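Residue-level listing of the chains:
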Amino acid sequence: MDMPIGVEAGLWGLVAGGALVIGAAVAWLVPVPRRVVASVMAFGAGVLISALSFDLVDEAEQLGGLRPTVLGFLAGALAYVAANLVLARYGARHRKRSGAQQSSEEEQSGSGTAIAIGALLDGIPESVVLGLSLVGGGGVGVPVLAAIFVSNLPEGLSSAAGMKRKGRSARYVFGVWGGIAVASGLAAMAGCLLLEGASPTTIAAITAVAAGAILAMVADTMIPEAFERTHLYAGLLATIGFLCAFTISRAG
């Protein structure tokens, strides 16, 4: 018996979001050097940039044309940056940093909630496009799934390491990432079910919105961590990640 498409999308979203929990568990249980964390973050940034270039923006343009793609891409970036600016005022600016840059609750009241909301903000666009890849009855977009999973590992690892250094409890850390994993599954399900039967232009625009938000997220939260500790090699590691994702995309 075939699995309902909405359930399938939700499960794939949960799988991709589960990488955050895996990364957080590694950071909590093993003292991973910050240089290693930053190196993996640089690789993950390259993977995401490749996926949004060849599997999101390009496909959106082919599906709906240049105008909705450009407008959607800019709208996604602007929406993400605006939300990120608000969250930064409440202590979520350095939510993906592995060092002591994150704010503790004692340093800034409400920062724990802001960090959790920021993590949700980072993950939802990725999950929506994962669900969109199943619209029309096709299988899950393997390159997009691989890119999200690979990039989520260092995101969870780095952010959880920073949370631990600032005295956050295990209950908080795994509550945040477990909740984000579940939310990722729900977002993928929503992206699939709500847009089933939508026009190509609509799907293209929403895909572009998500891609713009993802690129803004990479620049604002992943690259700073990657560059701080591996600035001599960050570009090379990102390039390797980009090529790996590109190869997966073309081989598939």
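Residues numbered from 1 in each chain as written. Predicted model: local features only at pLDDT ≥ 70, side-chain atom pairs only at ≥ 80, totals over all residues. Heavy atoms only, no water.

Our next topic: helix α3 (residues 66–88). Here α3 contains 23 residues, and its C-alpha end-to-end distance of 33 Å stays within 8% of the 33 Å for a straight helix at 1.5 Å per residue. Buried within α3 are the following residues: Pro68, Thr69, Gly72, Gly76, Tyr80, Asn84 and Leu87. (Helix = DSSP H or I, 4+ residues; strand = E, 2+ residues; numbered from the N terminus. Expected span 1.5 Å × (residues − 1). Buried < 20%, exposed > 50% of the residue type's maximum accessible area, 1.4 Å probe, protein only.)

Another point: the nonpolar core. Taken as a class, soluble globular proteins show a tendency for nonpolar side chains to be buried jointly. Counting residues in each nonpolar core, the largest one holds 31 residues, and the members touching the most others are Leu48, Leu56, Leu130, Ile214, Val218 and Met222. Among the secondary structure elements, those contributing two or more residues to this core are α1 (5–29), α2 (34–64), α4 (111–132), α5 (142–165), α7 (200–230) and α8 (234–251). In terms of residue count, the dominant contributor to this core is α7 (nine residues). When near neighbours in sequence (up to four residues on either side) are disregarded, Leu56 contacts Ala51, Val129, Val144, Thr207, Ala211 and Ile214. Core analysis: the next-biggest nonpolar cluster, separate from the first, contains 17 residues, Leu20, Val32, Leu157 and Ala160 among them. (Core = buried A, V, L, I, M, F, W, Y, C linked by side-chain atoms within 4.5 Å. Contact = heavy atoms within 4.5 Å.)

Attention shifts here to α8. The end-to-end C-alpha distance of α8, which contains 18 residues, comes to 26 Å, matching closely the 26 Å that a straight helix rising 1.5 Å per residue would cover. For α8, the complete set of buried residues consists of Ala234, Gly241, Ala245 and Ser249. Buried positions in α8, seen along its axis, are confined to an arc of 75° and lie on one side of it. Among the exposed residues of α8, those oriented more than 90 degrees off its buried face are Leu236 and Ala251. Structurally, α8 contributes buried residues whose contacts are with α2, α5 and α7. (Arc of directions from axis to C-beta.)

Geometry of an aromatic ring pair is reported as the spacing of the ring centres plus the angle between the planes. Inspection of the entire model under this criterion finds three aromatic pairs. When the ring of Trp28 is compared with that of Phe174, the centres are 6.1 Å apart and the planes differ by 70°; the resulting orientation is edge-to-face. Here the residue Trp28 occupies a position in helix α1, and Phe174 occupies one in helix α6 (residues 170–193), the gap between them amounting to 146 residues. Look at Phe174 and you get partly exposed, because its relative accessible area is 28%. Between Phe54 and Phe242 the ring centres are 5.7 Å apart and the planes differ by 70°, which places this aromatic pair in the edge-to-face class. With Phe54 in helix α2 and Phe242 in helix α8, the pair connects residues that are 188 residues apart, well separated along the chain. Lying across the ring of Trp28, Lys164 places its NZ or CZ 5.2 Å from the centre. The ring centre of Tyr172 lies 5.1 Å from the NZ or CZ of Arg168, which sits over that ring. (Phe/Tyr/Trp six-rings, centres within 6.5 Å; stacked < 30°, edge-to-face > 60°. Lys NZ or Arg CZ within 6 Å of the ring centre and 35° of its normal.)

Time to look at the environment of Ala45. Considering the arrangement of structural elements, one finds Ala45 in helix α2. The residues contacting Ala45, other than those within four sequence positions of it, are Val218, Met222 and Ile223.

The next subject is the environment of Ala234. Relative to the elements of secondary structure, Ala234 occurs in helix α8. Assessed through its relative accessible area of 10%, Ala234 is described here as buried. C-alpha separation for the pair Ala234 and Ala45, spaced 189 residues apart in sequence, amounts to 9.7 Å. Residues within four places of Ala234 in sequence aside, it is in contact with Ala42, Ala226 and Phe227.

Before going further, it helps to examine the confidence of the model for the chain. Chain-level statistics for the chain give a pLDDT mean of 84 and a share of 89% at 70 or above. Within the chain, no element has a lower average pLDDT than α4, which sits at 80, and none a higher one than α3, at 92. (pLDDT = per-residue confidence, 0-100.)

Right, let's get into a nonpolar patch on the surface. On the surface, Met3, Val7, Leu11, Leu14, Val182 and Leu186 cluster together to form a nonpolar patch covering roughly 510 Å² of accessible area. Secondary-structure elements contributing two or more residues to the nonpolar patch are α1 and α6. In terms of residue count, the dominant contributor to the nonpolar patch is α1 (three residues). Tracing the backbone shows Val7 in helix α1. (Patch = residues over 30% accessible without salt bridge, like charges linked within 9 Å, V, L, I, M, F, W, Y side chains within 5 Å. Areas by Shrake-Rupley, 256 points an atom, 1.4 Å probe, with all protein chains shown as cover. Salt bridge = Lys/Arg side-chain N within 4 Å of Asp/Glu carboxyl O.)

Quick look at the packing of α2 against α8 now. Two elements in contact, α2 and α8, have axes separated by 7 Å at closest approach and are oriented at 40°. With respect to α8, the element α2 is oriented oblique. Classified by chirality, the crossing of α8 by α2 is right-handed. Contact residues: α2 offers Ser39, Ala42, Phe43, Gly46, Val47, Ile49, Ser50, Ser53, Phe54 and Asp55, while α8 offers Ala234, Leu237, Ala238, Ile240, Gly241, Phe242, Cys244, Ala245, Phe246, Ser249 and Arg250. Residue composition of the contact of α2 with α8, by class: 13 nonpolar, six polar and two charged. (Axes fitted to C-alpha atoms, helices over the stretch in contact; angles between N-to-C directions. Parallel < 35°, antiparallel > 145°, perpendicular 65-115°, else oblique. Left-handed = near helix turned anticlockwise from the far one by under 90°. Nonpolar A, V, L, I, M, F, W, Y, C, P; charged D, E, K, R; others polar.)

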